[in-house]
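Observations on chain architecture
The chain contents come next:
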Protein chains: 2
Amino acid sequence: MNDKDLKEMFKKITDIEVENVELLKESLTHRSKGESRSYERLEFLGDSILSFLTSEHLYRKLKELNEGELSKKRSEIVNRENLSYIFSKLHFDEIIFVDRKSLKSIPDSIKEDIIESVFGAIYIEKGIRGAKKFFKLVLKNSKDMPDDFYAKNRLQELSLSKYKKLPEFKTEVYREDRFKCEVYLDGKYYSQSFGRSKKESEKKAAKLAIKKIEKENL
Amino acid sequence: MNDKDLKEMFKKITDIEVENVELLKESLTHRSKGESRSYERLEFLGDSILSFLTSEHLYRKLKELNEGELSKKRSEIVNRENLSYIFSKLHFDEIIFVDRKSLKSIPDSIKEDIIESVFGAIYIEKGIRGAKKFFKLVLKNSKDMPDDFYAKNRLQELSLSKYKKLPEFKTEVYREDRFKCEVYLDGKYYSQSFGRSKKESEKKAAKLAIKKIEKENL
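What counts and what doesn't
- Residues numbered from 1 in each chain as written.
- Chains lettered and ligands numbered in written order.
- Predicted model: local features only at pLDDT ≥ 70, side-chain atom pairs only at ≥ 80, totals over all residues.
- Heavy atoms only, no water.
- Pairing = 2+ DSSP bridges.
- Helix = DSSP H or I, 4+ residues; strand = E, 2+ residues; numbered from the N terminus.
- pLDDT = per-residue confidence, 0-100.
- Least-squares fit on C-alpha atoms with pLDDT ≥ 70 in both.
- Contact = heavy atoms within 4.5 Å.
- Core = buried A, V, L, I, M, F, W, Y, C linked by side-chain atoms within 4.5 Å.
- Buried < 20%, exposed > 50% of the residue type's maximum accessible area, 1.4 Å probe, protein only.
- Axes fitted to C-alpha atoms, helices over the stretch in contact; angles between N-to-C directions.
- Parallel < 35°, antiparallel > 145°, perpendicular 65-115°, else oblique.
- Nonpolar A, V, L, I, M, F, W, Y, C, P; charged D, E, K, R; others polar.
- Phe/Tyr/Trp six-rings, centres within 6.5 Å; stacked < 30°, edge-to-face > 60°.
- Buried area = accessible area lost by both parts, 1.4 Å probe.
- Salt bridge = Lys/Arg side-chain N within 4 Å of Asp/Glu carboxyl O.
- Polar contact = N/O pair within 3.5 Å; in protein donor to acceptor, adjacent residues only side chain to side chain.
- UniProt positions renumbered as here; feature names shortened; annotations may be inferred.

Here's the deal with the pairing of strand β3 (residues 188-195) of chain B
Residues and elements named next belong to chain B. In this structure, strand β2 (residues 179-185) lies alongside β3, joined through 7 bridges in antiparallel fashion. Considered in β3, the bridge of E182 is made with Q192. Here β2 folds back onto β3 in antiparallel fashion, the turn holding 2 residues, of which D186 has a positive phi close to 50°.

Shown next as structure tokens:
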């Protein structure tokens, strides 16, 4: 791939126009390629940028969460599974430089690293504003985003403003590997849902409860 | 302490003039005080800002280090011992809000937390530029800063430019709990020093070698 094509494809994916193609290439190059520069140092930098931007986003957005809950939320965004999911969803595999002979399929660890190193390259060229633009894209393409991610918190806010009480989640194992969650607001049953994990069942039930409240409020 | 005094003392310590005294107070308040707000959420945010600013500083300053070495360097700055040292050196104990009855002396964990939460408060009011100003102060007041911190790296650069070779550190245990380090450049003996840890002896020997090279170059 020549420089012009790379810039264009990167622009198509991220809507960011880079000038410094060498730095961009470095952020997309795995050491298996045997080039003089690969993404590791940029990943060191980008990892800390992503963590900072995620922390700021959650700090501002979820005002009622304490630091432990914020940490948990952060790890729902900044984790290997989610970042490699974003990598694939945005088709980063089409613009990276790896030795395809030794790496037949790209492991999730490399996908995660590259999303982080791209944060580093964008930050070096475009500063914090550029990094924030890429962060918005990452957030938008995160798993569960935005409905499921914020569902429990939105329901909390709604319940507090309506009843001055937190919602109640009654969650139990339901047959083999299924969980069932029922949501109560002010002691009154609102919704129920099922999921393969406790968290999944709670998020889904919270979403249903939110819909019901929104209808009530119409 | 009233708001005016707090603002003045904070300005004296950091050379930063804050407007939002409530937020500043929150960042300086330990939960033992029983106030409605204490520093935990700001610490969640500030911790990630400090880590980001440290990563950026090292990424730009130490171009020849790989990501593992950069991580090690980062942890020399961002660790409990150093941050609590900075807290005391800058006299933050004079402006914090803790319950002095239950906390007769301030544990290092709280000192560390408060340096981080202050990063959060400054960032929220002043943005990344304000946080960078505070970071410079933190860096300047770090243990070993700047001479010892960069000594081995500076010696590497000097040796590479003079001899196209890395310096050689011969470090050994010297009596009970002492280490001895000798530095060789291009096979030639340059300096030796002693320390209570391997790292300390190497840093001190590197500093002496740098002085010798600088004299040679006069």
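Let us keep going from here.
Regarding the confidence of the model for chain A
Detailed reading of the predicted model is not advised wherever pLDDT is low. Across chain A, the average pLDDT comes to 93, with 100% of residues at or above 70. For this predicted complex, the interface confidence score (ipTM) comes to 0.82, while the overall pTM stands at 0.83.

Here we look at the relation of the copies chain A and chain B
At an RMSD of 0.1 Å, chain A and chain B line up after a rotation of 180° and a shift of 0.0 Å along the axis. Here the two chains are linked by the operation of a two-fold rotation axis. A symmetric contact is evident, with 100% of the interface residues of chain A recurring at the interface of chain B.

Quick notes on the nonpolar core
Core analysis: the biggest nonpolar cluster contains 104 residues, and L28(A), F92(A), F119(A), L28(B), F92(B) and F119(B) have the highest contact counts within it. When neighbours within four sequence positions are excluded, F119(B) is seen to be in contact with G46(B), I49(B), L50(B), L53(B), A131(B), F134(B), F135(B) and V138(B).

A short note on the packing of helix α4 (residues 67-77) of chain A against helix α3 (residues 40-61) of chain B
The geometry of α4(A) relative to α3(B) is characterised by a closest axis approach of 8 Å and an angle of 40° between their N-to-C directions. If you check the angle between α4(A) and α3(B), you find them oblique. Where α4(A) approaches α3(B), its residues E67(A), L70(A), S71(A) and R74(A) are matched on the opposing element by E40(B), R41(B), F44(B) and S48(B). Of the residues belonging to the contact of α4(A) with α3(B), the class tally is 2 nonpolar, 2 polar and 4 charged.

Concerning the packing of aromatic side chains
Applying the stated criterion to the full structure yields 15 aromatic pairs over all chains. Relative to F92(A), the ring of F87(A) has its centre 5.9 Å away and its plane inclined at 25°; by these criteria the two rings are stacked. Note on accessibility: F87(A) and F92(A) belong to one class, buried. Between F149(B) and Y150(B), the ring centres sit 4.9 Å apart and the planes meet at 90°, which makes this aromatic pair edge-to-face.

With respect to the interface of chain A and chain B
The interface of chain A with chain B comprises 27 residues on the first partner and 27 residues on the second. Buried area between chain A and chain B, both sides added, is near 2,400 Å², and the carbon and sulfur share of it is 64%. Summed over the three residues of chain A that lose the most area to chain B, namely R41(A), F44(A) and Y59(A), the buried surface amounts to 36% of that side. Where chain A packs against chain B, one counts 0 salt bridges. Between chain A and chain B we count 10 residue pairs in polar contact (both at pLDDT 80 or more) in total. Here the element with the most residues in the side of chain A that touches chain B is helix α3 (residues 40-61) of chain A; it accounts for 14 residues.

Brief notes about the UniProt feature "domain: DRBM" (unreviewed entry) in chain A
Under the UniProt annotation, "domain: DRBM" (unreviewed entry) lies at residues 150-215 of chain A. Between the end C-alpha atoms of residues 150-215 of chain A the distance is 19 Å, and the span holds 48% helix and 32% strand.

So, the environment of R100(B)
Residue and element names in this part refer to chain B. Examined against the element boundaries, R100 turns out to sit in the loop between α5 (80-89) and α6 (108-140). Through-space distance from the C-alpha of R100 to that of L45 is 26 Å; in sequence the pair is 55 residues apart. With residues up to four places along the chain from it excluded, the contact list for R100 reads D93 and I106. A polar contact of 3.0 Å, which involves the side chain of R100, links it to the backbone oxygen of D93.

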